[in-house]
Amino acid sequence: MESKIRVETSNIKNELNNIIENYSIDPSHIDFDIIDTKIIQTEDGIKPIYTVDFIQKQPDLLCKIIDIDINESTPEKEAFVKVDCTSLDKPLDVDLDYIIHVIKKKLAFYGIVYGIKENNLALTAKEIQKRLNPNFKKFKVLIATGTPPVDGKDSELKTFFQLNTVGLVDDKGNINFKERNFAIGVDVGTVIASVYQTYKRYRWIRHFWKYLKS
């Protein structure tokens, strides 16, 4: 194997396994960097395409102690950032941006694309940074939730009560707001519907909750 191989792939894990097998490389002596990510529309649905450099070297210490733990026993899959500091012999000094980079790298490796708690990444990285010390036990933090997609199943809107249109619909599909049906009153903050958006198999999907704001 050359010192670096660049590929475009939608499945980093499979690509890595192929390189290990084809070049008979020790799995502990190969690492990768994600150079670019783009989301494309294909006949099979929406999927990410990664430009990845596979490098013949040992992953750094942070990559070795951070991993992703996936819980499939719940109705919605859960992904946790799992950190094991017990192998450290001294505190590890790493900046927040690099911790976030490693988390995103690990999520991509396991094919977790949708449902990621992007707003919590900085906070999660900060909590990890404070615990990069051999005195801390193993711990994990929830980083993504999602409903498993089903191939061939259309997206759907699931409501939590019987809907009644406020404006009546004519034969041409136009809404006539002059002839109004009654509307259902709900409290602020009430969950009124859930959108399930379908993507290609092995991709996570966002679970969007709709809230009544006023």
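The rules behind each value
Residues numbered from 1 in each chain as written. Predicted model: local features only at pLDDT ≥ 70, side-chain atom pairs only at ≥ 80, totals over all residues. Heavy atoms only, no water. Helix = DSSP H or I, 4+ residues; strand = E, 2+ residues; numbered from the N terminus. Buried < 20%, exposed > 50% of the residue type's maximum accessible area, 1.4 Å probe, protein only. Contact = heavy atoms within 4.5 Å. Areas by Shrake-Rupley, 256 points an atom, 1.4 Å probe, with all protein chains shown as cover. Pairing = 2+ DSSP bridges. Axes fitted to C-alpha atoms, helices over the stretch in contact; angles between N-to-C directions. Salt bridge = Lys/Arg side-chain N within 4 Å of Asp/Glu carboxyl O. pLDDT = per-residue confidence, 0-100. Core = buried A, V, L, I, M, F, W, Y, C linked by side-chain atoms within 4.5 Å. Phe/Tyr/Trp six-rings, centres within 6.5 Å; stacked < 30°, edge-to-face > 60°. Lys NZ or Arg CZ within 6 Å of the ring centre and 35° of its normal.

### Some remarks on the overall build of the chain
When you go through the chain residue by residue, the secondary structure sums to 4 helices and 11 strands. The buried share among the 214 residues of the chain stands at 33%. For the chain, the share of sequence-separated contacts (at least 6 apart) that also reach a separation of at least 24 residues comes to 66%. Of the roughly 13600 Å² of accessible surface on the chain, a fraction of 49% belongs to carbon and sulfur atoms.

### Some details on the sheet that holds strand S6 (residues 139-146)
By way of backbone hydrogen bonds, the strands of a sheet pair with one another, either parallel or antiparallel. Read from one edge to the other, the open sheet built from 3 strands follows the order S4-S5-S6, with strand pairing classed as antiparallel. Across the chains shown, the open sheet's two edge strands, defined by having one partner strand only, are strand S4 (66-71) and S6. Neighbouring strand axes in the sheet, compared pairwise and without regard to direction, differ in orientation by 25° on average. Two strands pair when backbone bridges link them, and strand S5 (residues 77-83) and S6 are joined in this way by 7 bridges, in the antiparallel orientation. Residue Ala79 lies in a different strand from S6, and its bridge partner there is Ala144. Strand contacts of helix H3 (residues 96-109): S4, S5 and S6, with the helix running at about 45° to S4, the strand carrying the most contacts. In the packing of helix H4 (residues 121-130) onto the sheet, contacts are made with S4, S5 and S6, and the angle to S6 comes to roughly 165°.

### Here's the deal with the pattern of salt bridges
On inspection of all chains with the given rule, the structure shows 9 salt bridges. In this structure, Lys138 and Asp84 form a salt bridge, with 4.0 Å as the shortest nitrogen-oxygen distance. Taken as a pair, Lys138 in the loop between H4 and S6 and Asp84 in the loop between S5 and H3 lie far apart in primary sequence, 54 residues in all. Asp84 sits in the partly exposed class, given a relative accessible area of 24%. Residues joined by salt bridges that share partners form a network here, namely Lys4, Arg6 and Asp53.

### Digging into the side chain of Thr51
If you trace the backbone, Thr51 turns up in strand S3 (residues 45-55). Residues in contact with Thr51, not counting those within four places in the same chain, are Arg6, Val7, Glu8, Asp33, Ile34, Ile35 and Asp36.

### Details of the confidence of the model for the chain
On average, the chain scores 79 in pLDDT, and the residues at 70 or more come to 67%. For residues 160-167, every residue scores under 50 in pLDDT, and the model assigns this stretch 22 contacts once sequence neighbours within four places are set aside. Here residues 199-214 is a poorly scored stretch, pLDDT under 50, and it has 72 contacts once near neighbours within four places are set aside; other chains count.

### Here's the deal with the nonpolar core
Judged by nonpolar contacts, the single largest core of 25 residues is most densely connected at Ile128 and Leu132. At the level of elements, helix H2 (61-65), S4, S5, H3, H4 and S6 are the ones that each hand at least two residues to this core. In this structure, Leu132 is in contact with Leu62, Ile65, Val83, Cys85, Leu88, Pro91, Leu92, Val94 and Ile99, ignoring residues within four places of it in sequence. By size, the runner-up hydrophobic cluster in this structure holds 16 residues, among which are Ile5, Tyr50, Phe54 and Val113.

### Overview of the environment of Ile116
Relative to the elements of secondary structure, Ile116 occurs in the loop between H3 and H4. We classify Ile116 as buried; its relative accessible area is 13%. In this structure the C-alpha to C-alpha distance between Ile116 and Gly146, which are 30 residues apart in sequence, comes to 8.4 Å.

### Remarks on the packing of aromatic side chains
Throughout the structure, instances matching the rule amount to 3 aromatic pairs. Pairing Phe32 with Phe54 gives two aromatic rings, centres 6.2 Å apart and planes at 50°, and the pair type is tilted. You can see Phe32 sitting in strand S2 (residues 31-42) and its partner Phe54 sitting in strand S3, a full 22 residues away along the chain. Geometrically, the ring pair formed by Phe109 and Tyr110 is edge-to-face, given 5.2 Å between the ring centres and 90° between the ring planes. For Phe109, a relative accessible area of 16% puts it in the buried group. Taken together, the ring pairs in this structure connect Phe32, Phe54, Phe109 and Tyr110 into an aromatic cluster. The cationic tip of Arg131 hangs over the ring face of Phe139; the distance from NZ or CZ to the ring centre is 5.8 Å. Sitting over the face of the ring of Phe80, Lys140 holds its NZ or CZ atom 4.8 Å from the ring centroid.

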